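# Analysis of the macromolecular model
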Amino acid sequence: MPRTLFDLESLTDALKAKRPQVADHSLRVSQYSIGLATQYGLPQEALESVRLGALLHDVGKLLVPVTILMKTGRLSRRQEEELKIHPDLGVELAARAGMRDEVCRIILHHHERYDGLGYPDKKSGSEVHWTARIVAVMNAFDALVHPRGNRRPCSVDEARTRIAQQAGSRFCPWIVGGLLSLPSTLLQLAPQRETPVYVPDGRPDPIATLATQAWDFSSYNAGLEANC
Ligand SMILES: [Fe+2]
């Protein structure tokens with residue numbers, strides 16, 4: 001089947017090429033989220049939304065500078081603000097790729113918290129669709145068991161315990177209950193790639209060509225620099 005100028009495959013290819021750690025993390029979050037969503041006996045269409053939403057939840061990081069994504073120390077306030085717009089940027093990219101509303105709202109709300117202290121919309125409780133609450137929990141789980149930088153990885157049981165401690169504050173208790181009931185074997189995935197290598201921003205990359213043709217990254221980044 002011929003590929004369109006801007007579609008799911010061009011987005012995931014661009015992530016693999018330009019943000020390989022994000023791509024690997026997203027694939028794991030998608031697998032974890034499907035494992036968890038399956039426990040609730042959902043129809044196939046809802047499971048597919050969860051799969052796609054998790055796979056693309058961080059696609060907006062294509063438009064966040066690598067220097068921010070790779071920084072191991074504390075981010076400046078401006079860098080933090082730049083990072084925190086990745087859900088909005090992700091929705092724009094996903095909508096251009098034809099993703100339906102159910103997928104886009106997962107992307108938009110994967111950093112919302114149960115207590116309303118998340119971002120970008122500070123929604124709380126059931127204001128955040130349960131599919132996004134699933135991805136929020138599994139996003140945090142993967143960050144604990146596959147950390148970046150100097151932090152040591154948690155075991156599956158440690159990660160579950162740490163997430164359970166935030167049930168009712170950061171995370172939805174109902175979803176955390178689902179995570180705690182999952183068999184450990186479903187939470188032990190093989191790493192997709194051992195040593196991902198980042199491609200510097202602005203470097204032409206044939207794999208990412210379709211996505212970059214449809215989205216003018218250079219003018220976007222120039223706009224950000226002009227605002228610094
Ligand atoms: Fe994110």
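Rules behind the numbers
Residues numbered from 1 in each chain as written. Predicted model: local features only at pLDDT ≥ 70, side-chain atom pairs only at ≥ 80, totals over all residues. Helix = DSSP H or I, 4+ residues; strand = E, 2+ residues; numbered from the N terminus. Contact = placed C-beta atoms within 7 Å. Core = buried A, V, L, I, M, F, W, Y, C linked by C-beta atoms within 7 Å. Buried ≥ 20, exposed ≤ 12 C-beta atoms within 10 Å, placed from the backbone.

## A look at the overall build of the chain
Helix and strand content of the chain: 12 helices and 0 strands. In the chain, the succession of α and β elements from N to C terminus is α-α-α-α-α-α-α-α-α-α-α-α.

## What to know about unusual backbone geometry
The omega torsion of the bond from Tyr119 to Pro120 falls at 10°, within 30 degrees of zero and hence cis. Here Pro120 shows up in the loop between helix 7 (101–109) and helix 8 (130–145). Despite not being glycine, Lys122 shows a phi value in the positive range, around 50°. Tracing the backbone through its elements, the reader meets Lys122 in the loop between helix 7 and helix 8.

## Focus on the environment of Leu56
Within the secondary structure, Leu56 is located in the loop between helix 3 (44–55) and helix 4 (66–69). With 35 residues separating them along the chain, Leu56 and Val91 place their C-alpha atoms 9.0 Å apart. Contact partners of Leu56, with chain neighbours within four places excluded, come to Leu11, Gly90, Ala94, Met99, Val103 and Ile107.

## Things to note about the nonpolar core
With 47 residues, the main nonpolar core has Leu56, Ala94, Ile107, Val135, Val137 and Met138 as its most contacted residues. Where this core is concerned, the elements lending two or more residues are helix 1 (8–18), helix 2 (20–38), helix 3, helix 6 (86–96), helix 7, helix 8, helix 9 (156–164) and helix 10 (173–181). Top contributing element to this core by residue count: helix 8, with 7 residues. Every residue in contact with Met138, bar those within four places of it in the chain, is listed here: Val29, Tyr32, Ser33, Leu36 and Ala54.

Everything listed is a geometric property; what it means functionally is a separate question.
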